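The residues making up each chain are set out below.
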Amino acid sequence: MARYILNRIIGVIVVLFIVATVVFVIVRVTPGDPAAVMLGPDATAADIADLRIRLGLNQPIPVQYLYFMGGLLRGDLGQSIFLNEPVLTALGQRAEPTFFLTIFSILIACAIALPVGILSAYKRGSVFDQVVTTLAMLSASIPSFWLGLVFIEFFAVKLGWFPTSGYGGPGDSFLSRMHHLVQPAVTLGLVNSALIIRFVRASMLDVLGDDYVRTARSKGMGEARVVLKHALKNALIPILTVIGLTTALLISGAIVTETVFGLPGVGSLIVSAVTRRDYPVIQGALLVIAALYVLINFAIDMLYLVVDPRVSY
Amino acid sequence: MAAVASSPAAYGGASFLGLLVRRKTVLFGAIILIVVVAAALLSPWIAPYAPAKLSLANRLKPPSAQHLFGTDDFGRDVFSRVIVAGRTSLTVGFSVVIVSTVLGVILGLLAGFFRRLDGPIARVIDAMMAFPDILLAISLVAALGPSASNVILALGIVYAPRLARIIRASTLVIRELPYVEAARALGVSTPRIMANHVLRNLASPILVQGTFIFANAMLAEAGLSFLGVGVAPSTPTWGTMISQGRQFMDSAGWIMMFPGLAVVLSVLSLQLVGDGLRDMLDPRLSKDL
């Protein structure tokens, strides 16, 4: 077991190392001189040369790579060109809306997907099941930004229940900020519940036919207990896996959704960095998000050990 | 889903009806898909107006008999623009399937066939899968420059690892099958074994995954164009149309409503067809999703 955990940790470190390398490569495939691209057509040759030195672009690629990796080990993601602050600070300042948006959307997605998926598997083949399966597929087909716009039009503009955009003023209370998050979180949660519903349904179907479920029933145990205690517990592993995978989808969705709802989060930071060609910010954000994804999925792997006593490596 | 299909008893009385409804949804998907593709292919002949024709007298007109989907802020016919934009959106989606399939098949076959390459390729695939699709695509487009071909290349790179992983797993199994061993014993060259014996057996998972990549690529392209980091805003795609219609959401909601519905219908039809194909071609796979 300790050996398995150690192996997994080494695996995670290797993947993180490759992730960092991929990020390094992506930013350097820019055709032409990145410094010239960042500063735009009006920049003077002296400005460009200056930025090249600041970013270390005047060094040979292998040296740049060593500097980049060395910086990462010290927790230095570089300096934003337009915000004039360290990338890590910029990311930190915008982490709150993205963090709560992601958490709320996962909660909403699970709150929809778990009961619906379980019931749909339990009543497999029924009209309810057919409707759910079709609706799940429909919601997976809706672009989250478009659904967000439709929600804004209906719930914010027509009904006035929620603010149309933003995250409240600087002095606003926590509750008011969360109120701003309701619509974006519901949008993302709805769109992402589809995949979880399908997984919950499939993995419940797998276990509902198993012997121990029949045994539990023949003991005279109530249906609710059979399904929730015996079946669900055994179906949890694939469900946990898909929730882990969904976080990646949620982060993707958050980038677009934040733009729609004008939330000052990491997603909006990335989009503005892309339009301003602020490469250090793009590089840092890409790295942090991919690393988070790897770590979340590692944590979920470790959770298996807790959830399922049979899993012992 | 395979569990259901393979054990009719589990369905009970609903078995026949259930299967029938299921087939109907696939049929429904196929019909929508055919209509969408036909409309896009035939757009120059079907479109009632030239998609770029300005008519300031007809600005922001709601849907009517003359303009089925209304007109936009330049008086352009939204219906004509939606079907012409569909051409670009579908072309981008389909090209992404081609690019990611070529990359994914090469990587997957190499990893599955040559033990020495397996470790490194599998690690790179793991690392690539750690990037959320839109995020990786925007970064690539930011680096390469926004254009339709770079969007295709970026999304192709984004989805290739997903396919490579499936190809690798299947190749690992097929490699050990008796007929591959027999071919090897007969002295058939490795590339030939890969093409004739392995790749041919991978056709159905590739087809099934291709449909889902198509669906995802269309969603992603719409998202990228909406963010202004995809296809140039002057080219009508469903994403750019939604993005431009956004400012008239209150007064002329139809401008963004119809391209959005077009995305939903196309993606839904692709998913329905993909689901049907999966159940038909590869019952083992259908349990995974």
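Residues numbered from 1 in each chain as written. Chains lettered and ligands numbered in written order. Predicted model: local features only at pLDDT ≥ 70, side-chain atom pairs only at ≥ 80, totals over all residues.

- The name given to chain B in an unreviewed UniProt entry is Peptide/nickel transport system permease protein, with the source organism recorded as Faunimonas pinastri.
- What UniProt states about chain B under its Subcellular location (unreviewed entry) heading is, verbatim, "Cell membrane".
- Quoted verbatim from the Sequence similarities (unreviewed entry) field of the UniProt record, the comment on chain B reads "Belongs to the binding-protein-dependent transport system permease family." (UniProt positions renumbered as here; feature names shortened; annotations may be inferred.)

- As annotated in an unreviewed UniProt entry, chain A carries the name Peptide/nickel transport system permease protein and comes from Faunimonas pinastri.
- Check the Sequence similarities (unreviewed entry) section of the UniProt entry for chain A; it says "Belongs to the binding-protein-dependent transport system permease family."
- Per UniProt, chain A carries the Subcellular location (unreviewed entry) text "Cell membrane".

Things to note about the overall build of chain A
- When its secondary structure is counted, chain A shows 13 helices and zero strands.
- Secondary structure elements in chain A, listed N-terminal to C-terminal, are α-α-α-α-α-α-α-α-α-α-α-α-α.
- Burial statistics for chain A: of 313 residues in total, 40% are counted as buried.
- If you take every contact in chain A between residues at least 6 apart in sequence, the share linking residues at least 24 apart comes to 72%. (Helix = DSSP H or I, 4+ residues; strand = E, 2+ residues; numbered from the N terminus. Buried ≥ 20, exposed ≤ 12 C-beta atoms within 10 Å, placed from the backbone. Contact = placed C-beta atoms within 7 Å.)

Things to note about the overall build of chain B
- Scanning chain B from N- to C-terminus turns up 13 helices and zero strands.
- Seen in sequence order, chain B has helices and strands lined up from the N terminus as α-α-α-α-α-α-α-α-α-α-α-α-α.
- Evaluated residue by residue, chain B yields a buried proportion of 49% over its 289 residues.
- The long-range share in chain B, meaning contacts at least 24 apart out of those at least 6 apart in sequence, stands at 70%.

Overview of the UniProt feature "transmembrane region" (unreviewed entry) in chain A
Residue and element names in this part refer to chain A.
- With numbering aligned to this structure, UniProt lists the feature "transmembrane region" (unreviewed entry) at residues 9–29, 99–122, 134–161, 181–200, 235–261 and 281–307.
- The span residues 9–29 is 95% helix and 0% strand, and its two end C-alpha atoms sit 30 Å from each other.
- In this annotation, residues 281–307 is assigned 100% helix and 0% strand; the end-to-end C-alpha distance for the span is 38 Å.

Re the interface of chain A and chain B
- Each partner contributes to the interface: chain A provides 48 residues, whereas chain B provides 51 residues.
- Among the secondary structure elements, those contributing two or more residues to the side of chain A that touches chain B are helix 1 (2–28), helix 7 (127–139), helix 8 (144–158), helix 9 (174–208), helix 11 (223–261), helix 12 (266–276) and helix 13 (279–307) of chain A.
- Tallied by class, the residues present in the side of chain A that touches chain B amount to 33 nonpolar, ten polar and five charged. (Nonpolar A, V, L, I, M, F, W, Y, C, P; charged D, E, K, R; others polar.)

A look at the UniProt feature "transmembrane region" (unreviewed entry) in chain B
- Within this numbering scheme, the UniProt entry marks residues 26–47, 90–114, 134–160, 206–232 and 252–274 of chain B as carrying the feature "transmembrane region" (unreviewed entry).
- Across residues 90–114 of chain B one finds 96% helix and 0% strand; the C-alpha atoms that close the span lie 36 Å apart.

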